[in-house]
Amino acid sequence: MAGLLIVYHSRTGGSRQMAEACAEGARPEGPTLLLGAEEAGPDDLLAAGGYVFCCPENLAAISGAMKEFFDRCYYPVLGRIEGRAYAQMICAGSDGQNAARQVARIATGWRLKEAQPPLIVCTHAQTPEAILAPKTISAPDLETCRDLGQALGAGLAMGIF
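So, here is what we can say about the structure in this document. Starting from 1, residues in each chain are numbered consecutively following that chain's sequence as written. In keeping with the predicted nature of the model, local features appear solely for residues at pLDDT of at least 70, side-chain atom pairs appear and are counted solely at 80 or more, and the whole-chain, interface and lining totals rest on all residues. To get the side-chain values, take all heavy atoms of the structure and skip hydrogens and water.

## A closer look at the layout of surface pockets
The method works on a 1 Å grid over the protein atoms by themselves. A cavity is a set of points holding a 1.4 Å probe that cannot get out, a pocket is an open set with protein on both sides within 12 Å along at least five of seven lines, and residues with an atom within 4 Å of a point line them. Grid points are joined across faces, edges and corners, and a volume is the space filled by probe spheres set on the points. Each pocket or cavity is described by its volume, and for the largest pocket that value is around 450 Å³. What lines the largest pocket is a set of 21 residues, and nearest its centre among them are P56, E57, N58, L59 and I131. Secondary structure elements follow DSSP: runs of H or I of four or more residues count as helices, runs of E of two or more count as strands, with numbering from the N terminus. Secondary-structure elements contributing two or more residues to the lining of the largest pocket are helix 1 (14-26), strand 3 (50-58), strand 5 (85-92) and helix 5 (128-132). When the residues that make up the lining of the largest pocket are grouped by side-chain class, the tally is 8 nonpolar, 10 polar and 3 charged. In the scheme used here, Gly and all other residues not listed as nonpolar or charged are polar, with Ala, Val, Leu, Ile, Met, Phe, Trp, Tyr, Cys and Pro taken as nonpolar and Asp, Glu, Lys and Arg as charged.

## Concerning the nonpolar core
Ranked by internal contacts, the top residues of the largest apolar core, which has 28 residues, are L45, Y51, F53, F69, F70 and W110. Only strand 1 (4-8), strand 3, helix 3 (64-77), strand 5 and helix 4 (97-110) provide two or more residues apiece to this core. Apart from the residues lying within four places of it in its own chain, the contact partners of Y51 are L4, L5, L45, I81, R84, A85, Y86, A87, L112 and L152. Residues belong to a common nonpolar core when they are buried Ala, Val, Leu, Ile, Met, Phe, Trp, Tyr or Cys residues joined through side-chain atoms within 4.5 Å. Accessible area is worked out with a 1.4 Å probe on protein chains only. A residue is then buried under 20% of its type maximum, exposed over 50%, and partly exposed in between. Contact between two residues is taken to exist if any of their heavy atoms lie within 4.5 Å; hydrogens are not considered.

## Describing unusual backbone geometry
Of note in this structure, L59 is not a glycine but carries a positive phi near 55°. By the element assignment, L59 lies in the loop between strand 3 and strand 4 (61-62). At R111, a residue that is not glycine, the phi angle is positive and equals roughly 65°. With respect to the element layout, R111 can be found in the loop between helix 4 and strand 6 (113-114). We classify R111 as exposed; its relative accessible area is 52%.

## A closer look at the environment of P31
Here P31 shows up in the loop between helix 1 and strand 2 (32-36). Separated by 38 residues in the primary sequence, P31 and F69 have C-alpha atoms spaced 22 Å apart.

## Some thoughts on the packing of aromatic side chains
Between rings of Phe, Tyr and Trp, where Trp is taken as its six-membered ring, a pair exists when centres lie within 6.5 Å; planes separated by under 30 degrees are stacked, by over 60 edge-to-face, and by other angles tilted. Considering all chains together, one arrives at 9 aromatic pairs under this definition. Taking the centre distance of 5.2 Å and the plane angle of 65° together, the rings of F53 and F70 count as edge-to-face. With F53 in strand 3 and F70 in helix 3, this residue pair connects regions lying 17 residues apart in the sequence. Residue F53 is classed as buried on the basis of its relative accessible area, which comes to 1%. In this structure F70 comes out as buried when scored by relative accessible area, which is 2%. Measuring from centroid to centroid gives 6.4 Å for F53 and W110, while their planes differ by 45°, and the two rings are tilted. Residue F53 is located in strand 3, and its partner W110 is located in helix 4; the two are separated by 57 residues in the primary sequence.

## A closer look at a nonpolar patch on the surface
Note on patches: the residues involved have over 30% relative accessible area and no salt bridge, like charges join within 9 Å, and the nonpolar side chains Val, Leu, Ile, Met, Phe, Trp and Tyr join within 5 Å. Per-residue and other accessible areas follow the Shrake-Rupley method at a 1.4 Å probe size, with only the shown protein chains counted as cover for residues. In what follows, salt bridge is the name for a side-chain nitrogen of Lys or Arg lying within 4 Å of a carboxyl oxygen of Asp or Glu. Residues M158, I160 and F161 make up a contiguous nonpolar surface patch of about 320 Å² in total accessible area. Checked against the element boundaries, F161 lands in the segment after helix 6 (139-157). Relative accessible area serves as the criterion here: at 33%, F161 is assigned to the partly exposed category.

## Focus on the pairing of strand 3
Here strand 3 lies mainly inside the structure; 8 of its 9 residues are buried. Pairing geometry for strand 1 and strand 3, over 5 bridges, is parallel. In the strand pairing of strand 3, Y8 is matched with C54. Relative to strand 5, strand 3 runs parallel, the two sharing 7 bridges. Paired with Y51 across the strands is Y86, a residue of strand 5. Across 2 bridges, the pairing between strand 3 and strand 4 is antiparallel. Across the sheet, residue E57 finds its bridge partner in strand 4, namely I62. DSSP calls a pair of strands paired once it identifies at least 2 bridges connecting them.

Note that all results are geometric; they support no functional claim without further evidence.
Encoded structure:
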């Protein structure tokens, strides 16, 4: 493929909407594969030229399914994807910084190159009911996700990354 792989996990729909918008932006630029964290594996990482990792922040950490993706794939691709570009998108109820730090540490271990700072979309969900409710990401935030996908996809297609 040598295109863009977007791996996401979503429980309430926010991260899924962000990942889908990112893929919409990337597809016109080149090969793009959108996979849930449960589906994605080492072969998908090896086949791609760059990555977007997208997940919610749950209890000040990346979601369990996203962590399981990284656990399952980390060692099989270690030393085999160095230097590839990545970006990340976090859907958070408050600040999202801790989840972003976790993803960045994993990417550093893989020796990936950060294409841009983390994109954190804050839903301001602070009560149990709001946290568990289905999310609707705003049109401006989805446009930012599309722009991220377009930029990373174009950069891969042009050989910048």
